[in-house]
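Given next are the chains, with one letter for each unit.
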Amino acid sequence: VSIRVGEEIVITPSGTDYDSLSAQDICVLTMDGDWVDGELLPSSETPLHIAVYRSDPEIKAIVHTHSVHATAVTTLVDALPAIHYQMIDLGGEVPVAPYATFGSVELAESVVATLPGYKAVLMKNHGSITVAKTLKKALDRAVNLEWCCEVWLKAATAGKPSTLSKDQLELAKQ
């Protein structure tokens, strides 16, 4: 989880249980990834967060997860189809960025190339990221994405899920 504050990024540390975190454990970095404050190592996905922030100055918060349903979907399709009108908030169908090793510059480049026009991206055999102007909205989008992935997975086990067209999503925006 991270948030951009001016030219600095506040980001959760790597490999730490969130329930045990205290304020001094949270990392503060420059947009170049240089350490400013915090007692623990920053997330292994720091290059991804920095690349996403650099790609769009409107993005102020990122939630990255390895949630079960979203991760499962990444192994099955190249995009999560628009199966519910709530996906409007994610940008419609959610694309799956090509696989790259976690923490790598290649993963960051893959996600940044896939993100334009969307507020969520799934990462092949990895997980997901959601972006927003606020941390609450990025978290809400992560929860929404996980729910949509779960619905799609359950529907796909019973048959071929119906999807919403771009026109249907546009009408639902009104």
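This text goes with the structure placed above it.
We now turn to the structure provided with this report. Since this is a predicted model, take the numbers as computed values, not measurements.

Among the secondary structure elements, Asp25 is positioned in the loop between β2 (8-11) and β3 (27-30). Buried charge without a salt bridge: Asp25, with Arg4 as the nearest opposite-charge side chain at an N-O distance of 24 Å. Within the local environment of Asp25, its side chain forms a polar contact with the backbone nitrogen of Ser22, the two atoms lying 2.9 Å apart. Contact partners of Asp25, with chain neighbours within four places excluded, come to Pro13, Ser20, Glu39 and Leu40.

Along the chain, Ala100 turns up in the loop between β7 (94-97) and α3 (105-114). Remark: the alpha-carbon pair of Ala100 and Leu115, spanning 15 residues in sequence, is separated by 15 Å. Contacts of Ala100, omitting those with residues within four sequence positions, involve Glu106 and Leu107.

A complete count under the given rule lists nine salt bridges for this structure. For Lys133, the salt bridge is made with Glu58, and the minimal N-O distance between the two is 3.2 Å. One end of the pair, Lys133, is in the loop between β9 (127-132) and α4 (135-158); the other, Glu58, is in the loop between α1 (46-55) and β5 (61-65), with 75 residues separating them in the sequence. On the basis of relative accessible area, Glu58 is assigned to the partly exposed category, the value being 46%.

Looking now at the pairing of β7. Of the two faces of β7, both are covered, the one formed by Val94 and Val96 as well as the one formed by Pro95 and Ala97. The pairing of strand β6 (residues 79-80) with β7 spans two bridges and is classified as antiparallel. Counted as the bridge partner of Ala79 is Pro95 from β7. In the sheet, β7 pairs with strand β8 (residues 120-123) via two bridges, with the strands oriented parallel. Paired with Val96 across the bridge in β8 is Leu122. Remark: the β7/α3/β8 crossover connection has right-handed handedness.

Reading guide: rules and limits
- Residues numbered from 1 in each chain as written.
- Predicted model: local features only at pLDDT ≥ 70, side-chain atom pairs only at ≥ 80, totals over all residues.
- Heavy atoms only, no water.
- Helix = DSSP H or I, 4+ residues; strand = E, 2+ residues; numbered from the N terminus.
- Buried < 20%, exposed > 50% of the residue type's maximum accessible area, 1.4 Å probe, protein only.
- Lys, Arg positive; Asp, Glu negative; His and termini not counted.
- Salt bridge = Lys/Arg side-chain N within 4 Å of Asp/Glu carboxyl O.
- Polar contact = N/O pair within 3.5 Å; in protein donor to acceptor, adjacent residues only side chain to side chain.
- Contact = heavy atoms within 4.5 Å.
- Pairing = 2+ DSSP bridges.
- Right-handed = clockwise from strand over helix to strand, strands pointing away.

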